Amino acid sequence: MTFIVSEERSVPAAGAEVVLSLHGVTKEYPTTPPVRALRGVDFAVARGELVGVVGPSGSGKSTLLHIMGTLDRPTTGDVTVAGYNIKDLSDKDLSALRSRHIGFVFQQFHLLSGYTALDNVADGLLYTGLNVTTRREMAHRALLRVGLGHRLDHVATKLSGGERQRVAVARALVGTPSIVLADEPTGNLDTKNSEAIVELIHQINDEGVTFVVITHNPEIAEAFPRTAGLRDGRIEYDTGERR
Amino acid sequence: MSRGNGLVPSKLHGTDVLRTASVGLHTRKLRAALSALGIVIGIAAMVGVLGLSESSKSDLLAQLDRLGTNLLTVQAGTGIGIGSGELPTEAAGMISRIGPVEQTSTISAVAANVYKSDYVPEGQTGGITVQAVDVNLLDTLAGSVADGKSLDEATATYPTAVLGSVAAERLGIRDVTGTQQIWLGDQWFTVIGVLDEFELNPDLDRAALVGMTTAEEFLDHEVVPSSILIRVDPAFVDEVTSVLAATASPQNPEEVQVARPSDALEAKEAADDAFTALFLGLGAVALLVGGVGIANVMVISVLERRSEIGLRRALGATKRHVAVQFLGEALLLSAVGGIGGVALGWAVTGVYANVRGWSTLIPPIAIAGGIAAALLIGAVAGLYPAIRAARLSPTEALRSA
């Protein structure tokens, strides 16, 4: 597996296993006039990294997240996730790739309202083919990891915003994915809960989970070991690992 | 199962299909119930109609079984060119000589009126006729006595009468306790019995029946048969029917009307069948409307749940998994509607049949067909929304959230 990454933005240290790489990625939406959301992005994430991608609205953050998460394909360029170049994969294969290798955390949490925290987290494994008992056992452990051991049987609507986002983080972690992509995970939370979620992300990254956090808030992004700035569809800067 | 590229395909277990299909029902219970209600009504209508039709048919069969289909009547035609209203005196004797004829009973219309008392004005006859009958009439017609007794060899020679059910009601006589008298042919007659309805010969319900001898001796009546009731061997009904007119009146067979009263009951049932078809049609329309309701709810549901669809795609659901989820939801809704409809249809049939004194019969085909029709409607209604949900791109679904 070889990666061609531009000199100054080449980030993973030599020898580190790359779990996500984008090379020359562009994304154009065929509207009139066409919108060029990404204009040649080179970006790579090594196993165990915690990267903040920061940019103002309209900078292409969401498009970047969707392409990193294989929810969308680039117009040109290569995307490789967990060793799979998505060019070679069918739509069905991409679903399989997501179910095994990518975890998502969304700004709006996206929990099923009538279901318990445990069931919501277990749904993170729904399409993996694991049986329900195993899924629930793993969900239980994931909820303990995010500090919600006492909320297992609470339905989603009865949880606070911060708790809901913790459930969503647990759902993203439960399948031990190669990478977790978080889209404005603190966007719907107050300051106190935001800090708690950022703290949780740090803590889980310390346990070895690879994270890419997309945010418009430079303060949050700067707090991560590595920050990349996105503007007008291009990576403007990339600090690399600051350790 | 591992593919060439080493990826383990996304997989959704059968029980999980059911679970995801029930998410919508679980989170929006009232809406689910209301949309299933359309199907409930449609299926209930169809099951009810088929059940009622079957129950009434079984009642008719029981009735025919009880009354027999081997009763034939021979009646003299009345009117210019079609007869004088009289059969030849020897007609009954000749008919009884046809091999398969088991029993004959003669009725002779008497030109007399009946009143409650001699004070009642002459014009107020109440539409009650007077008929002179053989004593075996009740036996031949499979009739029964409501109160008192029927005519026998003894009472058929005295001024006594037996009243048909309608005649008794019009004369204000419910039972024969004490001495009930009526003013018949300008003299007092004693009522010795009131009969139940004649299911095979309703004309006699509106008659006062007297014995042949009584008619001759007290009413100056010359006994000429106006109609003859015939019981034949059930195996030879058609054969006997074909020779009856000529046997009863060899000279003017065209003036004789031959009928099989049980045909009238069967014709009534055939008319009911036409109504059954009509109501089935109405049930089908209700079902169709129910299906449109489900399709409508599913389309709205897909629009509302775009973020859920996006989430599921992000969690690894394939397009097929999403389609199966929404199709499954439509099927689940219609199955609930179908089962509810069968139950309701059954209950309605049970109550109505009970009121009518029938036994409740639901044809198994109505149950199976009802649920199958509901599922078919659900599948058709759910197909388009399911395809729409599956075609939604994950990014679009997540963006609209």
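Keep in mind that this is a model prediction, so the values were computed, not measured. (Residues numbered from 1 in each chain as written. Chains lettered and ligands numbered in written order. Predicted model: local features only at pLDDT ≥ 70, side-chain atom pairs only at ≥ 80, totals over all residues.)

**A closer look at the packing of helix α1 (residues 14–21) of chain B against helix α11 (residues 319–356) of chain B**
Packed helices, taken two at a time, are described by the angle their axes make and the gap between the axes. Residue and element names in this part refer to chain B. At a closest axis distance of 8 Å, the pairing of α1 and α11 adopts a crossing angle of 70°. Classified by the interaxial angle, the pair formed by α1 and α11 is roughly perpendicular. Counting all contacts with α1, which are made through V17, L18, T20 and A21, the residues of α11 involved are V324, Q325, G328, E329 and L332. A per-class count over the contact of α1 with α11 returns five nonpolar, three polar and one charged. (Axes fitted to C-alpha atoms, helices over the stretch in contact; angles between N-to-C directions. Helix = DSSP H or I, 4+ residues; strand = E, 2+ residues; numbered from the N terminus. Parallel < 35°, antiparallel > 145°, perpendicular 65-115°, else oblique. Contact = placed C-beta atoms within 7 Å. Nonpolar A, V, L, I, M, F, W, Y, C, P; charged D, E, K, R; others polar.)

**So, the domain arrangement of chain B**
Each assigned domain of chain B is listed with its residue range as follows: domain 1 (14–64 + 266–399) and domain 2 (69–260). The C-alpha centroid of domain 2 of chain B is placed 56 Å from the C-alpha centroid of domain 1 of chain B. (Domains from an automatic or database assignment.)

**Quick look at the packing of helix α9 (residues 261–304) of chain B against helix α12 (residues 364–391) of chain B**
Residues and elements named next belong to chain B. At a closest axis distance of 9 Å, the pairing of α9 and α12 adopts a crossing angle of 25°. Classified by the angle between their axes, α9 and α12 sit roughly parallel to one another. In this structure, α9 meets α12 at a crossing whose hand is right-handed. Residues L287, G290, G291, I294, A295, M298, V299 and V302 of α9 pack against A373, I377, G378, V380, A381, G382, Y384, P385, R388 and A389 of α12. In the contact of α9 with α12, the residues fall into 13 nonpolar, four polar and one charged. (Left-handed = near helix turned anticlockwise from the far one by under 90°.)

**Examining the sheet that holds strand β10 (residues 234–238) of chain A**
Residues and elements named next belong to chain A. Taken together, the six strands give an open sheet; going across it, the order is β6-β7-β8-β3-β9-β10, and neighbouring strands pair in mixed fashion. Sheet topology places β6 (102–105) and β10 at the edges, where each strand pairs with a single neighbour. On average, each strand axis in the sheet is inclined to that of its neighbour by 20°, with strand direction left out of account. (Pairing = 2+ DSSP bridges.)

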